[in-house]
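Structural overview
Read off the chains here:
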Amino acid sequence: MLGEVEEVLKEFCEWSGRDRGEYIQQAVFERLKGDLEEIASYNIPRAKEMLGKLLEA
């Protein structure tokens, strides 16, 4: 499955003129931010700490 996703991503980025590395980095950032925000909402100190670091980056 990962191979197919990679192929579609490559095709999409070439077609849309986007940089694949930047696209991946932004997607990971958004997903990680969402996950950490959800976990931090339960007052988990480590999640709050990691979210703070992510938002400062």
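The residue numbering used here restarts from 1 in each chain and proceeds along that chain's sequence as written. Predicted model: local features are reported for residues with pLDDT of at least 70 only, side-chain atom pairs are reported and counted for 80 or more only, and whole-chain, interface and lining totals are derived from all residues. In computing side-chain properties, one takes all heavy atoms of the structure into account and sets aside hydrogens as well as water.

Where helices and strands are cited, they refer to DSSP runs of H or I of at least four residues and of E of at least two residues respectively, numbered from the N terminus. When helices and strands are counted, the protein shows three helices and zero strands. Against the compact-globule benchmark of 10 Å for 57 residues, the protein has a radius of gyration of 15 Å, which places it well outside the compact range. Its C-alpha atoms give the protein principal-axis dimensions of roughly 40 × 25 × 10 Å. Between buried and exposed lies partly exposed: a residue is buried under 20% and exposed over 50% of the maximum accessible area for its type, with that area taken using a 1.4 Å probe on protein chains only. Counting every position in the protein, which comprises 57 residues, the buried fraction comes to 12%. With residues, only the protein chains shown are counted as cover, and all accessible areas are computed by Shrake-Rupley using a 1.4 Å probe. Accessible surface computed for the protein: about 5000 Å², of which carbon and sulfur atoms make up 56%. Taken as two groups, the 8 positive and 13 negative side-chain charges of the protein have centres that lie 6 Å from each other. Computation of the radius of gyration draws on C-alpha atoms, with the globule rule given as 2.2 Å multiplied by the number of residues to the power 0.38. Residues scored as charged are limited to Lys and Arg (positive) and Asp and Glu (negative), so that His and the chain ends carry no count. Here the site of a charge means NZ on Lys, CZ on Arg, CG on Asp, or CD on Glu.

Now for the pattern of salt bridges. Take a side-chain nitrogen of Lys or Arg and a carboxyl oxygen of Asp or Glu: if they are within 4 Å of each other, that pair is a salt bridge. Taken as a whole, this structure holds four salt bridges when the rule is applied. Across the pair Arg31 and Asp35 runs a salt bridge whose closest N-O atoms are separated by 3.3 Å. Here Arg31 pairs with Asp35, and both are found in helix α2 (residues 20-40), just four residues apart, close to one helical turn. On the basis of relative accessible area, Asp35 is assigned to the partly exposed category, the value being 33%.

Attention now moves to the packing of aromatic side chains. Only Phe, Tyr and Trp rings take part, Trp by its six-membered ring, and two of them pair if their centres are within 6.5 Å. Stacked means planes under 30 degrees apart, edge-to-face means over 60, and tilted covers everything else. Overall, the coordinates contain two aromatic pairs when judged by the stated rule. Here the aromatic rings of Phe12 and Trp15 are separated by 6.1 Å at their centres, their planes lie at 45°, and the arrangement is tilted. Highlighted residues: Phe12 and Trp15, both in helix α1 (residues 2-16), separated by three residues, approximately one helical turn. Judged by relative accessible area, which is 28%, Phe12 ranks as partly exposed. Connected via pairs of aromatic rings, a cluster forms that spans Phe12, Trp15 and Tyr23.

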